[in-house]
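Coordinate analysis (summary)
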Amino acid sequence: MNIVIKKTPLSQIDCPVVLAFLFEDAAGPEGAAAVIDSECRGMVKRVLDRGDFKGTLNETLLLFTETMIPAPRVLLVGMGKKEDFTRDRLRAVFAGAARAVRGFRIREFAASLDLGTSALSPAELAESAIEGTLLGLYRYTAHKTQNDKERTDIERLVIVDDKSRSLKDIRDSIGRAEIISRAVLLVRDLVSAPGNELTPQALAAAAEGVARHRAIKLTVLDEKRMKRLGMHALLGVAGGSTNAPRLIVMEYRGGKQKDRPIVLVGKGITFDSGGIDIKPPADMDEMKDDMAGGAAVIGIIQAAADLKLPANIVGIVPAAENLPDGRAYRPGDILRSLSGKTIEIKNTDAEGRLILADALTYSLRYDPVAVIDMATLTGACVVALGRDVTGMLGNDESLKQLIRGAADRTGEAVWELPLREEYRELIKSDVADLKNSGGREAGAISAALFLSSFVEDRPWVHLDIAGPAFLKKDRTYTPKGASGVGVRLITQFLIDHTRKSNESRS
């Protein structure tokens, strides 16, 4: 999509359709909508007075201007109540409006940043508008062979700001929104891809595509190298598949050479049948999403490189397929991890924490200043927090606080669960150092405690994205299916963490 910024008033833009935003509880049109109304001889006000349009959230109504302004159409867009207006609300509104325009088979629209009343700066408004538009218009069409020629896509968006003296901040914020949104869309494509295509090797190839032409060093460890290192937890999970595992390592060095990196670790199970403890067939097709954490890490590294963040960031993705066959690992097996700790297998469907254990241990060789892992780890977290919220557990309050702030800014909700040491008893084994499942009680917490055993004393946060990674129904600017959750959250965290680190030095 081509995004253009203009200082020309919205009422003078020659475009197939312009958007007029209206609050539900306003006395009448405000901001650019009021100017449109004036130029169109009170057309908008008459519609409001007749009760044909109320301004409720994402309500739309298409009007024809009859040459009163250059644009032949005005799309009225409801903003809901003014008191409920937030950046996330604006993302939702632009997403709904963009889909409505696309539904009219129109390929271009224009919108003003003058909403009449807003506590947000023009740059913040622009960033949210672009995020909502790009994310809300997403469709996974890689395997659609019919009606390709009839499919309408939005090709051009004109953002109008005729109030600001300088458009530099707006251009910068739009550029940032485009970069981060592209990373989210990449992750959605990866998570949406079927398991017969997106194998561990294919995920490594996707990482190679991201690293190519960017300041990213890529290292991919194959089975032989993992065996030499002693990554038998990861290899144990991969044993039942003919698709060989990979450990994907992406290094972005945007900071000073001496700066210790932040390491991101993402679970990359490209398909999870449950292994010998096979899952029930209902919804097993969705288990192609079990690499959503790994895909998010790849997307975040792409965004960091494109944003040229002044930080050193390492992304590690253990990639494997969990299938049952004669070579698959079994309940009762004992695996020796890269750390040297031994793990009793109680359930082969608790595989994510096993591959993460070796990846987290591997991360320590980078002497990280912080470690964050992301994983579709437990159904228990979905039961506790539902489909909209990421579970957060960790050992460092400052990291958790920065992630909470990033969640508020991006609208990607997180909720902290307690990392209670008393529950460590749940993962103690009679025959090994640990067992990989502590049972149903406190399942999300015991899984996080298992992971904590492999980060030593490093500042660490675990994000369980099992709920929001793959949605059952549409959510405002996130169509159902793969959400790309974590990319905007952690990219914002990295921006904030870098800013805080630089401030502490000065």
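One can find the structure itself at the top, above this paragraph.
Residues numbered from 1 in each chain as written. Predicted model: local features only at pLDDT ≥ 70, side-chain atom pairs only at ≥ 80, totals over all residues. Heavy atoms only, no water.

Within the protein one finds 14 helices and 20 strands. In terms of overall dimensions, the protein is globule-like: its C-alpha atoms have a radius of gyration of 25 Å, near the 23 Å expected for 506 residues. Projected onto its principal axes, the C-alpha coordinates of the protein cover approximately 80 × 55 × 45 Å. Split into buried and exposed, the 506 residues of the protein put 58% on the buried side. Excluding contacts between residues fewer than 6 apart, the proportion of contacts in the protein whose partners are at least 24 apart in sequence is 78%. Surface accessibility of the protein: about 20800 Å² in total, with carbon and sulfur atoms responsible for 47%. Here the protein carries 70 positive and 69 negative side-chain charges, and the mean point of each set is 3 Å from the other. (Helix = DSSP H or I, 4+ residues; strand = E, 2+ residues; numbered from the N terminus. Rg over C-alpha atoms; globule rule 2.2 N^0.38 Å. Buried < 20%, exposed > 50% of the residue type's maximum accessible area, 1.4 Å probe, protein only. Contact = heavy atoms within 4.5 Å. Areas by Shrake-Rupley, 256 points an atom, 1.4 Å probe, with all protein chains shown as cover. Lys, Arg positive; Asp, Glu negative; His and termini not counted. Charge placed at Lys NZ, Arg CZ, Asp CG, Glu CD.)

We now examine the pattern of salt bridges. This structure, assessed with the given rule, holds 37 salt bridges. Taking the shortest distance from any N to any O, the salt bridge between Lys168 and Asp172 comes out at 2.7 Å. Residue Lys168 and its partner Asp172 are located together in helix H5 (residues 168-192), separated by four residues, close to a single helical turn. It is possible to trace a salt-bridge network through shared partners that takes in Asp88, Arg91, Glu131, Glu412 and Arg488. (Salt bridge = Lys/Arg side-chain N within 4 Å of Asp/Glu carboxyl O.)

What follows is about the pairing of strand E4 (residues 73-78). Burial analysis of E4 places five of its six residues in the buried class, which makes it a mostly covered element. With five bridges joining them, strand E2 (residues 18-22) and E4 adopt parallel strand pairing. When the sheet's bridge partners are listed, Val18 is paired in E4 with Val74. Two elements, strand E3 (residues 60-64) and E4, share five bridges in a ladder whose sense is antiparallel. When the sheet's bridge partners are listed, Leu61 is paired in E4 with Leu76. (Pairing = 2+ DSSP bridges.)

Our focus in this paragraph is the sheet that holds strand E17 (residues 434-435). The mixed open sheet is built from three strands, whose spatial order is E12-E13-E17. Bordering the open sheet on either side are strand E12 (334-336) and E17, each of which pairs with just one other strand. Alignment of strand E13 (residues 342-344) against E17, held across two bridges, turns out to be parallel. Across the sheet, residue Ile343 finds its bridge partner in E17, namely Leu434.

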